[in-house]
Amino acid sequence: MDYVLDFGDQEITPQADHPFPGFDSLDTAPGFELVDREGSVALYRITACR
């Protein structure tokens with residue numbers, strides 16, 4: 001996995017739980033680089049595993 005889309009507070013899946021807790025608060029989390037933003041949706045490159 002190289003990229004992740006962050007939809008902010010909007011849920012795009014029907015599950016109430018989050019199976020990937022490391023993908024919360026990407027704007028301040030280390031290992032993620034903002035590539036582009038359109039409104040509240042942001043595309044991040046995962047840099048932690050390189």
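Conventions and cut-offs
- Residues numbered from 1 in each chain as written.
- Predicted model: local features only at pLDDT ≥ 70, side-chain atom pairs only at ≥ 80, totals over all residues.
- Heavy atoms only, no water.
- Helix = DSSP H or I, 4+ residues; strand = E, 2+ residues; numbered from the N terminus.
- Buried < 20%, exposed > 50% of the residue type's maximum accessible area, 1.4 Å probe, protein only.
- Pairing = 2+ DSSP bridges.
- Axes fitted to C-alpha atoms, helices over the stretch in contact; angles between N-to-C directions.
- Core = buried A, V, L, I, M, F, W, Y, C linked by side-chain atoms within 4.5 Å.

## Observations regarding the overall build of the protein chain
The number of helices and strands found in the protein chain is 0 helices and 3 strands. Listing each helix as α and each strand as β along the protein chain from the N terminus yields β-β-β. Taking the principal axes of the C-alpha coordinates as reference, the protein chain spans close to 30 × 25 × 20 Å. Buried residues in the protein chain amount to 18% of all 50 residues.

## Concerning the sheet that holds strand S3 (residues 41-46)
Spatially, S1-S3-S2 is the arrangement adopted by the 3 strands of the open sheet, whose pairing is antiparallel. A single partner strand is all that each edge strand has here, and the edge strands are strand S1 (3-6) and strand S2 (32-38). Each strand axis lies, on average, 25° off the axis of its neighbour in the sheet, ignoring direction. As judged from the 6 bridges shared by S2 and S3, these two strands associate in the antiparallel manner.

## Structural notes on the nonpolar core
With 7 residues, the main nonpolar core is built from Val-4, Leu-26, Ala-29, Phe-32, Ala-42, Tyr-44 and Ile-46. Among the elements that line this core, the one with the most residues is S3, at 3 residues.

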